[in-house]
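# Structural characterization, general
Take a look at the letters that make up each chain.
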Amino acid sequence: MIASIIYVFSIAFQVSGALILLEFLGKDVDKKIRYNTVHENYGIPMWIMDDNGKYTDLDQKDLQRHAELLYKNIVAFAFIVIGYALGIFGDTAGNKWIIFIAVIGTTFISMLLSRCIIRMIVKRKYDKPVRQYEDGSFEKIDQD
């Protein structure tokens, strides 16, 4: 009885921790990507003035790189939550070597698929450079 209670708390804390991180990463994703692009690539941005206010242009490739990193973190924490939840139902009564090979194969496939899907989403969503205004607003800009 006590072992079951400890097990429940163990899984619950692990899932809770992953969900808290997932919730943090999942909020304002576009804003975080633009912020990271400005501050990690350009340091202190060079603001240019126009009729709409001060702005800086963000390169499409920089946006895609930061988006891919953030989306990978979101998927990683989602995988952790799913793994912990499925672990409750798991039983490894079979051959350990077959299970080991199946885990390696499934890991490879899930990583490959998630990377391909993330890259596809990022390239579609961040297909143009962005003009980031100091007030937080932004607009996609056509390349010259």
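About the thresholds
Residues numbered from 1 in each chain as written. Predicted model: local features only at pLDDT ≥ 70, side-chain atom pairs only at ≥ 80, totals over all residues. Heavy atoms only, no water. Helix = DSSP H or I, 4+ residues; strand = E, 2+ residues; numbered from the N terminus. Rg over C-alpha atoms; globule rule 2.2 N^0.38 Å. Buried < 20%, exposed > 50% of the residue type's maximum accessible area, 1.4 Å probe, protein only. Contact = heavy atoms within 4.5 Å. Areas by Shrake-Rupley, 256 points an atom, 1.4 Å probe, with all protein chains shown as cover. Salt bridge = Lys/Arg side-chain N within 4 Å of Asp/Glu carboxyl O. Axes fitted to C-alpha atoms, helices over the stretch in contact; angles between N-to-C directions. Parallel < 35°, antiparallel > 145°, perpendicular 65-115°, else oblique. Left-handed = near helix turned anticlockwise from the far one by under 90°. Nonpolar A, V, L, I, M, F, W, Y, C, P; charged D, E, K, R; others polar.

### A short note on the overall build of the protein chain
Each helix and strand counted, the protein chain has 4 helices and 4 strands in total. N-terminal to C-terminal, the α/β element order of the protein chain is α-α-β-β-α-α-β-β. On C-alpha atoms alone, the protein chain measures out to a radius of gyration of 21 Å, which is more than a quarter above the 15 Å that the 2.2 N^0.38 rule sets for 144 residues. With respect to the principal axes defined by its C-alpha atoms, the protein chain has extents near 70 × 30 × 20 Å. Looking at the 144 residues of the protein chain, the share that counts as buried comes to 25%. Considering only residue pairs separated by 6 or more positions, the protein chain has 70% of its internal contacts joining residues 24 or more positions apart. In the structure as shown, the protein chain presents an accessible area of about 10400 Å², 67% of it carried by carbon and sulfur atoms.

### Points about the pattern of salt bridges
All chains considered together, the criterion is met by 8 salt bridges. By sharing partners, the salt bridges in this structure join Glu68, Lys72 and Arg119 into a single network.

### So, the packing of helix α1 (residues 2-26) against helix α3 (residues 60-87)
Geometry of a packed helix pair, given as the angle between the helix axes and the separation of the axes. Following both chains from N to C, one finds α1 and α3 inclined at 160 degrees, their axes separated by 9 Å at the closest point. Regarding the angle of α1 to α3, the classification is roughly antiparallel. Crossing handedness for the pair α1 and α3: left-handed. Counted together, Tyr7, Ile11, Gln14, Val15, Ala18, Leu19, Leu21, Leu22, Leu25 and Gly26 of α1 and Leu70, Asn73, Ile74, Phe77, Ala78, Ile80, Val81, Tyr84 and Gly87 of α3 form the full contact between these two elements. Among the residues making up the contact of α1 with α3, the classes are represented as 15 nonpolar, 4 polar and no charged.

### Concerning the side chain of Thr56
Of note, Thr56 is situated in strand β2 (residues 53-58). Taking relative accessible area as the criterion, Thr56 reaches 7% and is therefore assigned buried. Apart from the residues within four sequence positions on either side, Thr56 is in contact with Val38, Pro45, Met46, Trp47, Val130, Arg131 and Gln132.

### A look at the packing of α3 against helix α4 (residues 96-125)
Viewed as axis vectors pointing N to C, α3 and α4 meet at an angle of 140 degrees, and their least axial separation amounts to 9 Å. What the angle tells us is that α3 and α4 run oblique. In this structure, α3 crosses over α4, and the sense of that crossing is right-handed. Listed contacts from α4 to Gln64, Ala67, Glu68, Tyr71, Lys72, Val75 and Phe79 of α3 are Ser110, Ser114, Arg115, Ile118, Arg119, Ile121, Val122, Lys123 and Lys125. In terms of residue class, the contact of α3 with α4 is built from 7 nonpolar, 3 polar and 6 charged.

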